[in-house]
Amino acid sequence: MPGVAGAVAGPGLPRVTVDATGRMLGVSATAQADGRYAVDLCLVADLVPLHPLADRIRTRVRGAVTRAGVGGALGGIDVEFADLAAPRPGAAGLAGGPR
């Protein structure tokens, strides 16, 4: 996704999930009291406005979960930016490059 440089386990409690394809760094799912699942993401962002990026990420997650047929199980989506990436050639961002 433009604006996201990568995912990391995080500086505190690690966000790591295992699925059929292997370990997914930067992702954790937690059961909520209401029976739904909260999703926590720990990401590295390019130098872009972070609030709009987090909103786009939440929208993409909701869409993917809905397409998978389990939209009713999705609870909160927390997006944490653990770090900012150094400017990369061709990366969208505030420090230059395409937007």
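Residues numbered from 1 in each chain as written. Predicted model: local features only at pLDDT ≥ 70, side-chain atom pairs only at ≥ 80, totals over all residues. Heavy atoms only, no water.

## Focus on the overall build of the chain
Then, number 1: The number of helices and strands found in the chain is one helix and six strands.
Then, number 2: For the chain, the α and β elements follow one another from N to C terminus as β-β-β-β-β-α-β.
Then, number 3: Pairs at least 24 apart in sequence give 62% of the contacts found in the chain among residues at least 6 apart.
Then, number 4: Of the roughly 6000 Å² of accessible surface on the chain, 60% is carried by carbon and sulfur atoms. (Helix = DSSP H or I, 4+ residues; strand = E, 2+ residues; numbered from the N terminus. Contact = heavy atoms within 4.5 Å. Areas by Shrake-Rupley, 256 points an atom, 1.4 Å probe, with all protein chains shown as cover.)

## A look at the confidence of the model for the chain
Then, number 1: Taken residue by residue, the chain gives an average pLDDT of 89. The fraction at 70 or more is 89%.
Then, number 2: Within the chain, no element has a lower average pLDDT than strand β2 (residues 16–19), which sits at 86, and none a higher one than helix α1 (residues 50–67), at 98.
Then, number 3: Counted against residues more than four places away or in other chains, residues 95–99, with its pLDDT under 50, gives 11 contacts. (pLDDT = per-residue confidence, 0-100.)

## Quick word on the side chain of R15
Then, number 1: Mapping R15 onto the fold places it in the loop between β1 (4–7) and β2.
Then, number 2: The exposure class of R15 is buried, given its relative accessible area of 17%.
Then, number 3: Excluding residues that lie within four positions of it along the chain, R15 makes contacts with V8, A9, G10, M24, L25, G26, V27, S28, D40, L41, C42 and E80. (Buried < 20%, exposed > 50% of the residue type's maximum accessible area, 1.4 Å probe, protein only.)

## Structural notes on the nonpolar core
Then, number 1: Formed by 13 residues in total, the largest nonpolar core has its most connected members in L41, I57, V61, L74 and V79.
Then, number 2: The set of elements that each furnish at least two residues to this core consists of β5 (37–45), α1 and β6 (74–84).
Then, number 3: With five residues, α1 is the largest single contributor of residues to this core. (Core = buried A, V, L, I, M, F, W, Y, C linked by side-chain atoms within 4.5 Å.)

## A short note on the pattern of salt bridges
Then, number 1: Across all of its chains, the model carries three salt bridges by this definition.
Then, number 2: A salt bridge links E80 to R15, with the shortest nitrogen-to-oxygen separation between them at 2.9 Å. With E80 in strand β6 and R15 in the loop between β1 and β2, the pair connects residues that are 65 residues apart, well separated along the chain.
Then, number 3: You can call E80 partly exposed: its relative accessible area is 23%.
Then, number 4: Note that R36 and D34 form a salt bridge whose closest N and O atoms lie 2.8 Å from each other.
Then, number 5: Accessibility expressed as a relative area gives 48% for D34, which makes it partly exposed. (Salt bridge = Lys/Arg side-chain N within 4 Å of Asp/Glu carboxyl O.)

## Concerning the pairing of β2
Then, number 1: Two elements, β2 and strand β3 (residues 22–25), share four bridges in a ladder whose sense is antiparallel. Counted as the bridge partner of T17 is M24 from β3.
Then, number 2: Where β2 folds back on β3, the antiparallel hairpin that results is connected by two residues. (Pairing = 2+ DSSP bridges.)

## Here we look at α1
Then, number 1: With 18 residues, α1 extends 26 Å between its outermost C-alpha atoms, agreeing within 8% with the 26 Å of an ideal straight helix rising 1.5 Å per residue.
Then, number 2: Looking only at α1, the buried set comprises L53, A54, I57, V61, G63 and V65.
Then, number 3: Elements that come into contact with the buried residues of α1 comprise β1, β5 and β6.
Then, number 4: G69 sits one or two positions beyond α1 and adopts a positive phi of about 85°. (Expected span 1.5 Å × (residues − 1).)

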